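Residues per chain are reported as follows:
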Amino acid sequence: MSWWQQPLVGFDLETTGTDPAVDRIVTAALVDTVGAVRVEAANWLLDPGVPIPAEAEAIHGIGDAVARSRGRQAKEAVEEIAAALCARIADGRPVVAFNAPFDLSLLDAELRRYGLPTLAERLGGPVGPVLDALVIDRAVDKYRKGSRTLQRVCEVYGVELTDAHEAGSDALAAVRVAVALAGRYPAEVGAVAPAELHGRQIGWYREWAEGLQAWLRRGKDPLAVVDPRWPSRPTDQEPPGLTA
């Protein structure tokens, strides 16, 4: 069977903000599937240890009162999330995400914050295979106009997203978008082994980053730098330079 008919794990975080280097996990989910069919899920609610900004609460619905009264202690929960994700990778399940560099980099930043082994340290090598529905969609349908939020991409591929910005719902939607991409683009996606598809995404992401950086430098920001690393990046290092 092709990868999109086999066990997968969807991964998503909801956080205090959009900077993987400094922001914290509020909720997390791992959704185990066989193809697009949900089998079970693991969910976490954390007390991030810092105030949750109103802008973040408006997106995912979790504020300080809920996080402090019902959330797990952050270090303990971050260890559990990382251990559960790595166990699935070690078992041969591809990780499916939507904008993987955000979620994986932020989880690694949390692990370093608490003095815990990073994902790569646990696995003894790079994290993967990762299937990033956003990266794949941008590559195979490069010239489609409009936004590429998860909600919009779900509409394009006929995937129901019942509760946007709830980690479990977003993780499952990412899997279903990836499966839909495999069906719509068999030669580029569906018939490609996960390890090879992982490698292709590294190049696709770099190409996208180079294009975005060039566009930004022509107009809004002559000094813009778009980090080309995928599927994760060390958040304690400066991003590598790209050619102008």
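Scoring rules and cut-offs
Within any chain, residue numbers begin from 1 and follow the written order of that chain's sequence. Local features in this predicted model are restricted to residues whose pLDDT is 70 or higher, and side-chain atom pairs enter the listing and the counts only when it is 80 or higher, whereas totals over whole chains, interfaces and linings include all residues. No hydrogens and no water enter the side-chain calculation; it runs on all heavy atoms of the structure. Lining residues are defined by having an atom within 4 Å of a point belonging to a cavity or pocket. Those points lie on a 1 Å grid over the protein atoms alone, cavities being sets where a 1.4 Å probe fits but cannot get out and pockets being open sets with protein on both sides within 12 Å along at least five of seven lines. Grid points are joined across faces, edges and corners, and a volume is the space filled by probe spheres set on the points. Only DSSP runs of H or I with at least four residues qualify as helices, and only runs of E with at least two residues qualify as strands; both kinds are numbered from the N terminus onward. In this count, Pro and Cys sit with the nonpolar residues alongside Ala, Val, Leu, Ile, Met, Phe, Trp and Tyr, while Asp, Glu, Lys and Arg are called charged and the others, Gly among them, polar. UniProt positions are given in the numbering used here, feature names are shortened, and annotations may be inferred rather than shown by experiment. When a residue's accessible area, from a 1.4 Å probe over protein chains only, is under 20% of the maximum for its type it is buried; when over 50% it is exposed; and in between it is partly exposed. Counting rule applied: Lys, Arg positive; Asp, Glu negative; His and chain ends not counted. Counted as salt bridges are all cases of a side-chain nitrogen of Lys or Arg within 4 Å of a carboxyl oxygen of Asp or Glu. Two N or O atoms form a polar contact when they lie within 3.5 Å of each other; inside protein one atom must be a possible hydrogen donor and the other a possible acceptor, and for residues adjacent in sequence the pair counts only when both atoms belong to side chains. By definition, residues are in contact when any of their heavy atoms lie within 4.5 Å. Here, strands pair whenever DSSP counts at least two bridges between them. Only rings of Phe, Tyr and Trp enter the pairing, Trp through its six-membered ring, and a pair is recorded when the two centres are within 6.5 Å. The plane angle decides the type: under 30 degrees is stacked, over 60 is edge-to-face, the rest tilted. To obtain an axis, a line is fitted to C-alpha atoms, over the contacting stretch when the element is a helix, and the angle between two such axes runs from 0 to 180 degrees between their N-to-C directions.

Thoughts on the layout of surface pockets
By volume, the largest pocket is sized at about 730 Å³. Taken together, 27 residues form the lining of the largest pocket, with T18, F98, N99, F102 and H165 sitting closest to its centre. For the lining of the largest pocket, the secondary structure elements donating two or more residues are strand 1 (7-15), helix 1 (54-60), helix 4 (100-113), helix 6 (133-140), helix 7 (150-157) and helix 10 (194-218). Ranked by residue count, the leading element in the lining of the largest pocket is strand 1, at four residues. Each residue belonging to the lining of the largest pocket can be placed in one class, and the counts come to 11 nonpolar, eight polar and eight charged. The volume enclosed by the second largest pocket comes to roughly 360 Å³. What lines the second largest pocket is simply V135, R138, A139, K142, R144, R148, W204, E207, W208, G211, L212 and W215. The set of elements that each furnish at least two residues to the lining of the second largest pocket consists of helix 6 and helix 10. With six residues, the single largest contributor to the lining of the second largest pocket is helix 10. Residue classes in the lining of the second largest pocket are distributed as six nonpolar, one polar and five charged.

Let's talk about the UniProt feature "domain: Exonuclease" (unreviewed entry) in the protein chain
Per the UniProt entry, the sites bearing "domain: Exonuclease" (unreviewed entry) are residues 7-187 in this numbering. Across residues 7-187 one finds 48% helix and 21% strand; the C-alpha atoms that close the span lie 21 Å apart.

Remarks on the side chain of D132
Within the secondary structure layout, D132 lies in strand 6 (residues 130-132). No salt bridge forms around the buried D132; measuring N to O, its nearest opposite-charge neighbour R138 is 6.4 Å away. A polar contact of 2.9 Å, which involves the side chain of D132, links it to the backbone nitrogen of N99. Every residue in contact with D132, bar those within four places of it in the chain, is listed here: A97, F98, N99, A100, P101, Q201 and W230.

Observations concerning the pairing of strand 1
The buried count for strand 1 comes to eight of nine residues, which makes it a mostly enclosed element. Sheet topology note: the strand 1/strand 2 (residues 25-34) ladder contains nine bridges and is antiparallel. Counted as the bridge partner of G10 is V31 from strand 2. Pairing geometry for strand 1 and strand 5 (residues 95-97), over two bridges, is parallel. The residue bridging G10 from the neighbouring strand is V96, located in strand 5.

Remarks on the pattern of salt bridges
Where charged atoms from two side chains of opposite charge approach closely, those side chains can pair. For the structure on display, the rule yields 15 salt bridges. Here R144 makes a salt bridge to D141, at a shortest N to O gap of 2.9 Å. Owing to a relative accessible area of 22%, D141 belongs among the partly exposed residues under this scheme. Taking the shortest distance from any N to any O, the salt bridge between E155 and R152 comes out at 2.9 Å. Of this pair, E155 and R152 both sit in helix 7, separated by three residues, roughly a single helical turn. Under the relative-accessibility criterion, E155 is labelled exposed at 56%. Looking at R152, the relative accessible area reads 34%, which means it is partly exposed. One network of salt bridges, in which partners are shared, links D137, D141, R144 and R148.

Observations concerning the packing of aromatic side chains
Each pair of aromatic rings is reported with the distance of its centres and the angle of its planes. With the rule as written, the count across this model stands at one aromatic pair. When the centroid spacing of 5.3 Å and the interplanar angle of 50° are considered together, the rings of Y205 and W208 count as tilted. Here the residue Y205 and the residue W208 both occupy positions in helix 10, the gap between them amounting to three residues, near one helical turn. Assessed through its relative accessible area of 5%, Y205 is described here as buried. Taking relative accessible area as the criterion, W208 reaches 30% and is therefore assigned partly exposed.

What to know about the sheet that holds strand 2
If you walk across this open sheet you meet the six strands as 4-3-2-1-5-6, and the pairing is mixed. Two strands bound the open sheet, and with one partner strand each, they are strand 4 (72-73) and strand 6. Relative to strand 4, strand 3 (residues 37-47) is paired through two bridges, and the arrangement is parallel. Within strand 4, the residue paired with D47 across the bridge is Q73. Across the sheet, helix 6 touches strand 5 and strand 6, and the angle it forms with strand 6 is around 60°.

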